[in-house]
Amino acid sequence: MTDESTLVRNIQETHAPDGRYVDCKPILEIAGEIFNLAMAAEAKHIGATSMDTEGTPAAEQEHERHGDSDMFKGLSYIIKILSIEIVYPDDVDVNSKTMSLLNSLSSYSWEAKLVLSLAAVALNYGERLLLTELYLSNNLPKPMAILKGMADIRQYSDMLKQRVNALNSLIKSILDLAKCVVEFKELLSESSSLDVKASSVATDAIILATFWTVRSAVSCANIAQQNTKIGFETIPTSELWELSLLRHKMGSMKEHLQNQLTFLRNHVEEKKQRDAYVALVFRTLVQPKDNLEILKVLLCPNEEEQLLYDASNKTTVKLDVLREKTVLLLISELDIDKDKDLVILSDIYKESRMHETSAENHYEVVWAPILDPSNKMTPDMEKILENNRTRMQWYSVNHPNKIDPLVIKLIREQFHYHDQPILVVLDPQGRVVNTNAIDMIWIWGNSGFPFSQASEEALWKDGVSGLELIVNGFHPKTENWVKEGKYVVLYGGDDVEWIRKFFLTTDQVKMTKHIPLEMLYAGRSNQRKRDMVNLINLILTESLGEILGDVNMISLFWNRIEHMKRSKIRLGLGSSRVGEDQDPVLQGITKLLSYDQNMGRWASLFKGKAGPNGECFDRYQISGVPPIRLVLPCGYERNISVVSCVECSRIMEKYILFSCNHDK
């Protein structure tokens with residue numbers, strides 16, 4: 001380590017870059033091509049192993065180059081000088097020659113020093129190749145061959161094979177390491193965020209790789225010069241040993257650099273992804289010129305045109321059909337067929353199309369299924385996509401697998417998508433006015449248009465309350481009951497004996513006190529379908545009050561109650577505390593859900609026109625108070641640190657709940 005540190009320090013003393021730019025990749029490519037040609041020709045003449053060549057054939061590379069000649073006008077002189085310095089004088093040791101080359105290239109960057117030195121060595125190889133070819137084809141005048149001291153390498157083929165094979169292997173290792181250095185330096189220039197220690201380690205690795213690559217190339221040049229000279233009869237073992245050691249050195253340094261290169265690639269890619277993501281988020285926050293601009297950002301990867309599938313006409317259309325319209329982006333998993341949110345959305349969408357002149361008709365729905373970016377679209381997935389979108393009444397993204405992974409990240413992090421359907425609303429100007437309007441369509445349907453968060457808040461503030469809010473058209477008689485000022489007891493559960501006793505007792509009070517009161521049974525939220533049917537039949541048979549609806553209607557009722565809770569909590573996420581001075585609607589809903597889920601029997605009293613929001617109570621057969629639980633979907637808890645109990649105002653404990661409804 002001490003020797004290596006000293007070497008790095010000595011090499012750094014030769015380094016005084018002046019900022020001049022050299023395009024290293026094409027120089028390295030040309031040098032590699034010359035090496036390939038020269039080594040292959042020499043190997044052919046003596047029967048040695050040829051170097052494996054990679055990439056485009058030489059003729060095609062030559063045809064593809066257009067600007068190389070101009071690029072080399074300013075560099076050809078320095079390359080020629082270096083090529084002479086490499087082989088003359090031949091009594092100077094390799095280390096001294098290497099340091100001399102680095103001094104001559106002090107004004108250049110590390111990667112430029114490397115490729116220019118390799119270009120100089122390649123020039124030597126190329127010139128020697130041309131002379132050898134002329135000599136062996138008897139086209140080189142004999143006097144010139146004598147002056148050059150050239151020998152017919154075919155006469156020494158058996159002896160030269162071992163040397164040429166060793167040189168071939170080393171040259172390949174040199175080029176491999178040089179490519180690593182050039183790529184490493186490019187990436188390093190893009191890694192401004194790399195910490196000081198990591199940057200220093202990377203720089204030291206580049207310096208050492210440059211030195212040893214240049215030194216190995218100089219050794220190759222000096223040894224290869226001997227191949228065509230007269231007067232040698234044996235090849236020193238030390239020479240082959242040196243070539244082998246240098247090849248091993250190149251391999252070790254390449255492995256070390258590649259490890260750092262992998263780290264650097266990941267670092268650069270992560271930074272690019274972070275920067276691109278920040279830019280993407282910013283574009284969703286600023287005012288676009290129109291809604292098509294933001295739709296293209298979200299749906300069109302790499303400026304490609306994303307077509308929409310129009311289910312009504314069974315054809316594809318361009319995004320222009322959405323211009324200046326309110327757009328509801330339905331974001332979900334691919335398999336959405338049985339989702340209740342889809343049922344409700346289908347109903348209100350169909351309703352909006354029945355009133356051509358109403359404002360509700362001015363919105364469009366686009367289904368954008370979210371796929372795992374790491375998985376390819378399979379035939380089974382294509383079939384699911386086709387089946388689902390043909391059943392829908394609205395548009396869908398034609399190629400959901402082309403939605404950019406960064407957009408998917410934005411949808412998950414900024415729109416809080418957690419594999420349950422959400423409805424992102426873009427107004428006609430392209431502004432994101434609601435990151436999830438699912439709750440709104442459950443609670444208010446088309447009355448929630450334009451489905452912005454502002455309209456959601458206004459509906460809670462100025463909209464209907466009490467029984468009208470809770471039941472909202474599930475039962476045809478409730479509207480008249482409210483108008484007539486009747487009391488209404490909404491009750492539920494699955495305890496048959498309690499239901500009978502509760503109804504008979506309440507009915508007796510009604511008759512005795514002459515109270516205008518109606519009983520409405522709403523079932524239980526987590527009841528099995530078969531059991532719910534039996535309970536409904538029992539109530540109808542024994543005349544135990546009105547039924548809210550059939551099994552499906554009761555299921556939709558409880559889903560709507562859940563969405564009312566979510567809407568209230570989501571709109572109140574600006575506060576980290578829930579429960580203190582909580583509005584009465586959220587208190588009532590929380591109690592209702594807790595009694596339903598934990599006790600299995602509950603009742604809530606409403607008064608038409610007087611408008612109390614209703615209160616769950618336990619004045620008859622209910623003894624004790626059940627635990628109060630506030631269950632939040634994933635993502636809703638992100639800003640909530642404290643929740644107070646709606647019954648006793650104590651701070652509630654926090655748990656994590658995993659739940660499965662078995663596709664019920």
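For the structure, check the block above.
From a predicted model like this one, the values you see are computed outputs, not experimental measurements. (Residues numbered from 1 in each chain as written. Predicted model: local features only at pLDDT ≥ 70, side-chain atom pairs only at ≥ 80, totals over all residues. Heavy atoms only, no water.)

Asker: Go over the overall build of the protein with me, naming the residues and quoting the values.
Answerer: Within the protein, the regular secondary structure consists of 23 helices and 13 strands. Within the protein, the proportion of its 664 residues that are buried is 48%. Within the protein, contacts between residues at least 6 apart in sequence are counted, and of these 75% link residues at least 24 apart. Carbon and sulfur atoms form 51% of the exposed surface of the protein, whose accessible area is close to 34100 Å². (Helix = DSSP H or I, 4+ residues; strand = E, 2+ residues; numbered from the N terminus. Buried < 20%, exposed > 50% of the residue type's maximum accessible area, 1.4 Å probe, protein only. Contact = heavy atoms within 4.5 Å. Areas by Shrake-Rupley, 256 points an atom, 1.4 Å probe, with all protein chains shown as cover.)

Asker: Account for the sheet that holds strand β6 (residues 422-426), naming residues and giving values.
Answerer: A sheet is described by the order of its strands in space; here seven strands give the open sequence β2-β1-β5-β4-β3-β6-β7, paired in mixed fashion. Whereas interior strands pair on both sides, the edge strands pair on one side only; in this sheet they are β2 (315-317) and β7 (432-434). Sheet twist, expressed as the average angle between the axes of neighbouring strands with direction ignored, equals 35°. Sitting on the sheet, helix α12 (residues 291-299) is in contact with β3 (326-332), β4 (363-369), β5 (395-397) and β6, with an inclination near 15° to β3. (Pairing = 2+ DSSP bridges. Axes fitted to C-alpha atoms, helices over the stretch in contact; angles between N-to-C directions.)

Asker: If you had to explain α12 to someone new, which residues and values would you point to?
Answerer: The element α12 is extensively covered by neighbouring structure, given that seven of its nine residues are classed as buried. Every buried residue belonging to α12 is among N291, L292, I294, L295, V297, L298 and L299, and all of these are buried. For α12, the secondary structure elements touched by its buried residues are α11 (237-285), β3, β4, β5, α15 (405-413) and β6. Near the N-terminus of α12, the side chain that reaches the backbone nitrogen of L292, with its oxygen 3.1 Å away, is that of D290. (Polar contact = N/O pair within 3.5 Å; in protein donor to acceptor, adjacent residues only side chain to side chain.)

Asker: Could you give an account of the pairing of strand β8 (residues 487-493), naming the residues involved and the relevant values?
Answerer: Within β8, six of the seven residues are buried, which leaves the element mostly enclosed by the surrounding structure. As defined by bridge partners, β8 adjoins strand β9 (residues 517-521) across five bridges and the pair is classed as parallel. Note on β9: the bridge partner recorded for V489 is M519. As paired strands, β8 and strand β12 (residues 601-607) are joined by seven bridges and run antiparallel to one another. If you follow L490 over to β12, its bridge partner there is S604.

Asker: Outline the packing of helix α5 (residues 76-87) against helix α6 (residues 94-104), supporting the account with residue identities and numerical values.
Answerer: Packing of α5 against α6 brings their axes to within 10 Å, and their N-to-C directions diverge by 160°. One way to sum up the angle between α5 and α6 is to call them roughly antiparallel. You can see that α5 and α6 cross each other, and the crossing is right-handed. For the pair α5 and α6, contact is made by L82, E85, I86 and V87 and by K97, S100, L101 and S104, respectively. Classifying every residue of the contact of α5 with α6 by side-chain character gives four nonpolar, two polar and two charged. (Parallel < 35°, antiparallel > 145°, perpendicular 65-115°, else oblique. Left-handed = near helix turned anticlockwise from the far one by under 90°. Nonpolar A, V, L, I, M, F, W, Y, C, P; charged D, E, K, R; others polar.)

Asker: Would you mind going over the packing of helix α22 (residues 551-571) against helix α23 (residues 584-598) in detail, with residue names and values included?
Answerer: Contact geometry for α22 and α23: axes closest at 10 Å, N-to-C directions at 135°. Considered as vectors, α22 and α23 are oriented oblique to each other. Crossing handedness for the pair α22 and α23: left-handed. On the side of α22, the interface is formed by W558, I561, E562, M564, K565, K568 and I569, while α23 contributes V585, L586, I589, L592, L593 and D596.

Asker: I'd like to hear about the pairing of β4, residue by residue, with values.
Answerer: Both faces of the sheet carry side chains from a regular strand, because those side chains alternate between them. Counting buried positions along β4 gives seven out of seven residues, so the element sits mostly inside the fold. Alternating positions in β4 separate into two faces, Y363, V365, W367 and P369 on one and E364, V366 and A368 on the other, with burial throughout. Of the pairings in the sheet, the one linking β4 to β5 comprises two bridges and is parallel in character. Counterpart to V366 in the pairing with β5 is Y395. Once the chain exits β4 it traverses helix α14 (residues 379-391) before rejoining the sheet at β5, and the crossover so formed is right-handed. (Right-handed = clockwise from strand over helix to strand, strands pointing away.)

Asker: Quick rundown of α22? Include the residues and the values.
Answerer: Residues spaced three or four apart along an α-helix face the same direction, because each turn holds 3.6 residues. Given a rise of 1.5 Å per residue, 21 residues ought to cover 30 Å, and the 31 Å separating the end C-alpha atoms of α22 matches this to within 8%. Buried residues dominate α22, accounting for 15 of its 21 residues. You can read the cap of α22 off the contacts: a side-chain oxygen lies 3.2 Å from the backbone nitrogen of N552, and it is on D550. (Expected span 1.5 Å × (residues − 1).)

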